[in-house]
Amino acid sequence: HQNGSYGDKMRSLILRGLVFALLVSGYTAGTTMAFAGPFEDAIAAYDRHEYGTALQLMRPLAEQGNADAQNGMGALYYHGYGVPQDFKEALKWYRLAATQGNLDAQLNLGSMYYEGEGVAEDLARSFMWLSIVADRGYGDAAKMRDAVKKEMTAAQASQSQAMQRKCQATNFRECD
């Protein structure tokens, strides 16, 4: 998409709003578990805006391979909460979680490829990730996917579908 036009800015705001809403709803759902643990404690700290504490609790879990914690680390770096904002670092954590099938992380990757944050703008890759999430009936992912599709050429759509087949056939190991 072309940066600078009102329509593009509006689509960007809509896409960001949907991603943020899904990110927050995913965390809120996680706090209703009957047994509290380090991840739930990290989310509680996040909800209280105690991002340094959230980071300290989440990082060891993320480094041990916990996909929810990896997505949480991505969110902290994406927003610059408790750390300097770093889209490349956010992308790294989102990718780690996405390869484990984490829907929030896959959605976040779709948004980052759409916006060109931490990575070159890539509508085909954005559409691929958003389609994977939408196909699983997750939140407003279908609306986001459809917004991206309106900006794609037929060649990009075809490329994206081939990428999606490969990504899913390899259980998310060959997606980038």
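Look a little higher up for the structure.
Everything quoted here is computed from the prediction, not taken from an experiment. (Residues numbered from 1 in each chain as written. Predicted model: local features only at pLDDT ≥ 70, side-chain atom pairs only at ≥ 80, totals over all residues. Heavy atoms only, no water.)

Asker: Explain the pattern of salt bridges to me, please; I cannot follow it from the model alone.
Answerer: Pairing of side chains with opposite charge becomes possible as their charged atoms draw close. Taken as a whole and assessed by the stated rule, the structure comprises seven salt bridges. Of the charged contacts, one joins Arg125 and Asp122 as a salt bridge, the two residues approaching to 3.4 Å between their closest N and O atoms. A network of salt bridges, in which partner residues are shared, links Asp135, Arg145 and Asp146. (Salt bridge = Lys/Arg side-chain N within 4 Å of Asp/Glu carboxyl O.)

Asker: Help me understand the side chain of Ser126, please; the structure alone is not making it clear to me.
Answerer: Tracing the backbone through its elements, the reader meets Ser126 in helix α7 (residues 123-135). Given a relative accessible area of 0%, Ser126 falls into the buried group. A polar atom in the side chain of Ser126 sits 2.7 Å from the backbone oxygen of Gly110. In contact with Ser126, not counting residues within four places along its chain, are Gly110, Tyr113, Tyr114 and Val148. (Helix = DSSP H or I, 4+ residues; strand = E, 2+ residues; numbered from the N terminus. Buried < 20%, exposed > 50% of the residue type's maximum accessible area, 1.4 Å probe, protein only. Polar contact = N/O pair within 3.5 Å; in protein donor to acceptor, adjacent residues only side chain to side chain. Contact = heavy atoms within 4.5 Å.)

Asker: Please clarify how unusual backbone geometry should be interpreted in this entry.
Answerer: Excluding glycine, residues mostly have negative phi values, and the peptide bonds linking residues are mostly trans. Within the chain, His49 stands out as a residue other than glycine whose phi angle is a positive 65°. When you line up the elements, His49 lands in the loop between α2 (38-47) and α3 (51-63). Even without being glycine, Asn171 reaches a positive phi, approximately 55°. Position of Asn171 among the secondary structure elements: in the segment after α9 (154-169). According to the relative accessible area criterion, Asn171 is partly exposed, its value standing at 49%.

Asker: Help me out: how do you make sense of the state of the cysteines in this one?
Answerer: Any covalent bond linking the sulfur atoms of two cysteines counts as a disulfide. In total, this model carries one disulfide according to the counting rule given. Note on cysteine connectivity: Cys167 is disulfide-linked to Cys175, with sulfurs 1.9 Å apart. On the sign convention where negative is left-handed, the bridge of Cys167 and Cys175, at about 80° about the S-S bond, is right-handed. With respect to burial, Cys167 and Cys175 carry one shared label: buried. (Disulfide = S-S within 2.5 Å.)

Asker: How do you make sense of the nonpolar core when you look at a structure like this?
Answerer: In summary, soluble globular proteins display a tendency toward joint burial of nonpolar side chains. Among the nonpolar cores identified, the biggest contains 37 residues, and Met58, Met73, Tyr94 and Trp129 are the most heavily contacted of them. Elements with a contribution of two residues or more to this core: α2, α3, α4 (67-79), α5 (87-98), α6 (103-115), α7 and α9. It is α4 that contributes the most residues to this core, seven residues altogether. Dropping the residues within four chain positions of it, Tyr94 is found in contact with Gln70, Asn71, Gly74, Ala75, Tyr78, Ala105, Asn108, Leu109 and Met112. Grouped together as the second largest cluster of nonpolar side chains are 13 residues, Phe127, Leu130, Val133 and Ala134 included. (Core = buried A, V, L, I, M, F, W, Y, C linked by side-chain atoms within 4.5 Å.)

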